[in-house]
There are 2 protein chains.
Amino acid sequence: MKPISSFFTFLRVVAWSTLLVLSTYAQAGDPLPSWNDGAAKQAIVGFVQVTTTQGNPQFVPPAERIATFDQDGTLWVEHPMYTQVMYCLERVPALVKAKPGLATSEPFKTVLSGNREAIAKLSLKDLEKILAATLTGMSVDEFNAEVKTWIATAKDSRFKRPYTELTYLPMQELLKYLRANGYKTYIVTGGGQDFVRVYSEATYGIPPEQVVGTMGATKYGYDKNGKPFLTKDPKLLLNDNNAGKPEGIHLMIGRRPVAAFGNSPGDQQMLEYTKAGDGARLAMLVLHDDAKREYAYGPAQGLPATKVGAFTQALNDQAQKQGWTVISMKNDWKRIFAFEQ
Amino acid sequence: MKPISSFFTFLRVVAWSTLLVLSTYAQAGDPLPSWNDGAAKQAIVGFVQVTTTQGNPQFVPPAERIATFDQDGTLWVEHPMYTQVMYCLERVPALVKAKPGLATSEPFKTVLSGNREAIAKLSLKDLEKILAATLTGMSVDEFNAEVKTWIATAKDSRFKRPYTELTYLPMQELLKYLRANGYKTYIVTGGGQDFVRVYSEATYGIPPEQVVGTMGATKYGYDKNGKPFLTKDPKLLLNDNNAGKPEGIHLMIGRRPVAAFGNSPGDQQMLEYTKAGDGARLAMLVLHDDAKREYAYGPAQGLPATKVGAFTQALNDQAQKQGWTVISMKNDWKRIFAFEQ
């Protein structure tokens, strides 16, 4: 056994030296080049340092390194309308083609009219009808294929680019930086879990099993050839917003996050829950204050609230009180999008 | 840039050579030493070989390597009673101490009597009352602490050992073998998701986020100091049995497994769903046919069904028809438990 054992020791030394040199090289570069120096960047780097340095009293074992990210307004643009709502509205013509009876009934008639003002005035109840009709009733495989096709071709009206290019470069860097330091990154979104899963891996490097979202039931059954499949059911299992976020995190992950990132009152409970754990915790809020490069909205900005989750004054107060770090898009981000020069 | 780039190439070559040599050494040993040679072992090794060999038409990319395991009767002993039901029954005295009024009301009175025959005769409705009272109503943290204490001390009546020692050694080897080959291993159990999560990492090397089980809702709230916490709610979100297993897999993982392992009719849909995917698929059923070393039960054995999920004749027929491999504990397993000599 001796010669083999020394050979193993030799190999282990070679492997470790290789890793050490590689990690020294990696550390030489700035992992967050799109972030300006400032309190936000310092909070991130300091947090990663203390939680990943063995022997530090705030060290977090790799298995417990869970970081959760809201999506809309935190990882990508949510203005003027959530991407998923755009999907649902744009699915209506295909839906009406399959079920022509819907053409003359509301709210589908209004959506088909293309009258933007009228569409913007649809009630929450109308919107729910459209969501239920376009997000449920089909097989999981059909739904995935439809979303995949749409997300590859649909474009945002202001930036004239696919929605998946409207992710924030600094947040993409942050996701990678955390993963390089042993963190498991999760999306925790008010959006549909199945919707986000279709593009999460390609867009954020986050696999479907690490997407927590608003969850609907599915129903198991068999097709005429006896092949089993799942149908998306309108029954809501969990609304992954507000208190639903920590509840969804417990359901899907079963561990309390060590770091959490959001941008609206719907993220407040996730940040509180994260911060209430022992040891080092990082809680951050993205503030949309850059009307030129992206958007500026929300009462904390002295601006009117919009339909999408705005950063309220109450949320701002909470951030001050609880030690959450506010990320100013205008001041903290050198670049917002990868396509910017 | 040139010198650094060649240095990196050098390091990469060193690292890869190290890995290759290590993997050759690893392959020299049998990864499944507690399995007898036979159809079951061959099915496993053959499946892993074709799905992990680059260039093989049945190659599965690492991200899609999902393997799901039923727990009770598949990973550990389920006879004569599910471990979680033992927990619930043994919690009753503490429950009655906290709520003395329950002492005189059924089914708690019967449980307190200690009369085994009477306890065995409790109806499903009575059992549900006991489960609801002992598994919900407390905070998630309290629940976790209670299960942790119990599982560390409670013992099985036949083997006189902690339940966590009653896992099947061949299945433990299989879990490790799959993980060593890039598979992500999940438990998909009819048992309580939160219950199994308490010991899954220490017992099976499976982290809480990879446990799919019967799921209850939680409720987010604040204690008197304003600290947020989650309470376990009696509301059932998903019964992770039968059709609930593929539904739970979709909810929690969002991918179809490539390999699935079960032992009872409650696992049938999970195995069907797994097998219905494209490419190589592995579906296996553990048959309890070793009365001497463990137990023998179920009509497929020509033995009476028991209260716990038995391997029925119908399930056996399904296995033949669908090409699932049956694992005979008696013939396929050299050792059943790690504590056996």
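Positions within a chain are numbered from 1, following the residues in the order the chain's sequence is written. Following the order in which they are written, the chains are lettered starting with A and the ligands numbered starting with 1. Owing to the predicted nature of the model, reporting of local features is limited to residues with pLDDT of at least 70; listing and counting of side-chain atom pairs is limited to 80 or more, with chain, interface and lining totals taken over all residues. Excluding hydrogens and water, the side-chain values take into account all heavy atoms of the structure.

A cis amide bond, omega 0°, links A:Glu106 with the succeeding residue A:Pro107. Counting from the N terminus, the helices are DSSP H or I runs at least four residues long and the strands are E runs at least two residues long. Tracing the backbone shows A:Pro107 in the loop between α3 (83-98) and α4 (108-113). The phi dihedral of A:Asn242 falls on the positive side, at around 55°, and the residue is not glycine. Along the polypeptide, A:Asn242 turns up in the loop between β4 (228-238) and α10 (244-252). Backbone geometry at B:Lys160 places phi at a positive 55°, although glycine is not the residue there. Relative to the helices and strands, B:Lys160 resides in the loop between α7 (140-153) and α8 (169-180).

This part takes up the pattern of salt bridges. For this document, the term salt bridge refers to a Lys or Arg side-chain nitrogen within 4 Å of an Asp or Glu carboxyl oxygen. Evaluation of the coordinates by the stated rule reveals 26 salt bridges over all chains. Across the pair B:Lys41 and B:Asp37 runs a salt bridge, and its minimum N-O distance is 3.8 Å. Given a relative accessible area of 70%, B:Asp37 falls into the exposed group. One salt-bridge network, held together by shared partners, links A:Lys184, A:Arg255, B:Glu201 and B:Glu209. Partly exposed describes any residue whose relative accessible area lies between the buried limit of under 20% and the exposed limit of over 50%, with all areas from a 1.4 Å probe on protein chains only and scaled to the type maximum.

A few words now on helix α8 (residues 169-180) of chain A. Every α-helical turn comprises 3.6 residues, leaving residues that sit three or four positions apart pointing alike. Residue and element names in this part refer to chain A. To estimate the expected span of a helix, subtract one from its residue number and multiply by 1.5 Å. In this model, α8 (12 residues) spans 16 Å end to end at C-alpha, consistent with the 16 Å of a helix rising 1.5 Å per residue. The buried count for α8 comes to 9 of 12 residues, which makes it a mostly enclosed element. Of all the positions in α8, only Leu-169, Pro-170, Met-171, Gln-172, Glu-173, Leu-174, Leu-175, Tyr-177 and Leu-178 are classed as buried. Contact partners of the buried residues in α8: α2 (39-52), β1 (66-69), β2 (184-192), α9 (193-204), β5 (259-262) and β6 (282-287). Two residues form a contact once any of their heavy atoms are found within 4.5 Å.

This part is about helix α6 (residues 124-135) of chain A. Residue and element names in this part refer to chain A. Under the 1.5 Å per step criterion, the end-to-end length of α6 is 16 Å for 12 residues, consistent within 8% with the ideal 16 Å. When we look at burial in α6, the residues that qualify are Ile-130, Thr-134 and Leu-135. The buried residues of α6 occupy one face: seen down the axis, they fall within an arc of 105°. Residues of α6 that are buried make contact with α3, α4, α7 (140-153) and β4. Of the residues one or two after α6, Gly-137 is the one with positive phi, at around 100°. Our arc is simply the arc of the directions from the helix axis toward the C-beta atoms.

Right, let's talk about the confidence of the model for chain A for a bit. Residues and elements named next belong to chain A. Confidence scores labelled pLDDT are given residue by residue by the predictor and lie between 0 and 100. Summary statistics for chain A give a mean pLDDT of 90 and a share of 89% for residues scoring 70 or more. Counting contacts from residues 1-11, a segment whose pLDDT is below 50, to residues more than four positions away or on other chains yields 8 contacts. With pLDDT under 50 throughout, residues 16-26 is counted as low confidence; its partners more than four residues away or in other chains account for 10 contacts. Reported for the predicted complex are a pTM of 0.90 and an ipTM of 0.90.

Turning our attention to the pairing of strand β5 (residues 259-262) of chain B. All names here are of chain B. Alternating positions in β5 separate into two faces, Ala-259 and Phe-261 on one and Ala-260 and Gly-262 on the other, with burial throughout. Two strands pair under a simple rule: DSSP has to find at least two bridges between them. Across 3 bridges, strand β1 (residues 66-69) lies against β5 in parallel orientation. Looking across to β5, one finds that Phe-69 is bridged to Phe-261. Call a crossover right-handed when, viewed with both strands pointing away from you, the route from the first strand across the helix to the second goes clockwise. Between the parallel pair β5 and strand β6 (residues 282-287), the chain is carried across by helix α11 (residues 268-275), and the sense of this crossover is right-handed.

All names here are of chain A. Reading across from one edge, β4-β3-β2-β1-β5-β6-β7 is the order of the 7 strands in this open sheet, with mixed pairing throughout. The open sheet has two edge strands with one neighbour each: β4 and β7 (325-328). Taking each pair of neighbouring strands and ignoring which way they run, the sheet shows an average axis angle of 35°. α9 rests against β2, β3 (211-222) and β4 of the sheet, and its axis sits at about 140° to β2. To obtain an axis, a line is fitted to C-alpha atoms, over the contacting stretch when the element is a helix, and the angle between two such axes runs from 0 to 180 degrees between their N-to-C directions.

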